[in-house]
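Geometric and topological summary
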Amino acid sequence: MKTIEVDDELYRYIASHTQHIGESASDILRRMLKFTAGQTPATPEITGQTAAVAATPEAKPVNKSRDRIRAVRELLLSDEYAEQKKAVNRFMMVLSTLYTLDAHAFGEATESLHGRTRVYFAGNEQTLLQNGNQTKPKHVPGTPYWVITNTNTGRKCSMIEHIMQSMQFPAELIEKVCGTI
């Protein structure tokens, strides 16, 4: 197997055509290019520029909502996400991604998110420590937020579900994300 380098935009385009979890980039490209194993390519050598042009003829401007959905799907398909052994690490990666996609909507969604006695999100560690015992606050990478992490996986999924619903993600994507945590 050979390794090729593609820019981030092309990678996102390829990943956006994923039909099921675990589908490899090779499988996606074979399907998109209608190329089967053992088939001889029409041209003996394809350069990076030619491959990029050939793979993107149907690329059209997409709206912000589709870009956000695509970014979340890319996270779920990423090697870094797949390598995470702990639910808390996947939880933190999803939170970081959601914040990156729309910081304002993320902030609004977390304001109303709290338990009976606990605050789940805050701008600093001290607030979380004062509003619950053994909350194990962690800084959400790339954000000004801290989140409690001493909750079960179901509660983490509930938090993600609430945020994604508030950010108006489709229900099937929310379910898919929660299923991976």
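From a predicted model like this one, the values you see are computed outputs, not experimental measurements. (Residues numbered from 1 in each chain as written. Predicted model: local features only at pLDDT ≥ 70, side-chain atom pairs only at ≥ 80, totals over all residues. Heavy atoms only, no water.)

1. A look at the environment of Ser65
Residue placement: Ser65 occurs in helix α4 (residues 64-77). As a C-alpha pair, Ser65 and Pro170 span 105 residues in sequence and 9.8 Å in three-dimensional space. (Helix = DSSP H or I, 4+ residues; strand = E, 2+ residues; numbered from the N terminus.)

2. Some points on the packing of aromatic side chains
Inspection of the entire model under this criterion finds four aromatic pairs. Plain terms: the ring middles of Phe106 and Tyr145 are 5.3 Å apart, the flat faces sit at 65° to each other, and that makes the pair edge-to-face. Remark: Tyr145 occurs in the loop between β2 (137-139) and β3 (146-148) and Phe106 occurs in helix α7 (residues 103-111); sequence separation between them is 39 residues. Taking the relative accessible area as the measure of exposure, Phe106 reaches 0% and is therefore buried. Note on Tyr145: relative accessible area 18%, which makes it buried. Through a chain of ring-to-ring contacts, the aromatic side chains of Tyr99, Phe106, Phe121 and Tyr145 assemble into a single cluster. Positioned above the aromatic ring of Phe169, the side-chain terminus of Arg68 is 4.5 Å from the ring centre. (Phe/Tyr/Trp six-rings, centres within 6.5 Å; stacked < 30°, edge-to-face > 60°. Buried < 20%, exposed > 50% of the residue type's maximum accessible area, 1.4 Å probe, protein only. Lys NZ or Arg CZ within 6 Å of the ring centre and 35° of its normal.)

3. Some thoughts on a nonpolar patch on the surface
Taken together, Ile4, Val6 and Tyr11 make up a surface patch of nonpolar side chains, about 280 Å² in accessible area. Along the chain, Val6 turns up in the segment before α1 (8-15). (Patch = residues over 30% accessible without salt bridge, like charges linked within 9 Å, V, L, I, M, F, W, Y side chains within 5 Å. Areas by Shrake-Rupley, 256 points an atom, 1.4 Å probe, with all protein chains shown as cover. Salt bridge = Lys/Arg side-chain N within 4 Å of Asp/Glu carboxyl O.)

4. Quick look at the pattern of salt bridges
The final tally for this structure, using the stated rule, is one salt bridge. Notably, a salt bridge pairs Asp102 with Arg68, separated by 4.0 Å at the nearest N-O pair. Placement of Asp102 in the loop between α6 (87-101) and α7 and of Arg68 in helix α4 is noted, with a sequence separation of 34 residues between them. Exposure remark for Arg68: the relative accessible area of 9% places this residue in the buried category.

5. Digging into the packing of α6 against helix α9 (residues 153-166)
Relative placement of two packed helices is described by the angle separating their axes and the distance separating the axes. At a minimum axis separation of 11 Å, α6 and α9 run at an interaxial angle of 10°. Relative to α9, the element α6 is oriented roughly parallel. Residues Ala87, Val88, Phe91, Val94, Leu95 and Leu98 of α6 touch α9, and the partners they reach there are Thr153, Lys156, Met159, Ile160, Ile163 and Met164. A breakdown of the residues in the contact of α6 with α9 according to their chemical character gives ten nonpolar, one polar and one charged. (Axes fitted to C-alpha atoms, helices over the stretch in contact; angles between N-to-C directions. Parallel < 35°, antiparallel > 145°, perpendicular 65-115°, else oblique. Contact = heavy atoms within 4.5 Å. Nonpolar A, V, L, I, M, F, W, Y, C, P; charged D, E, K, R; others polar.)

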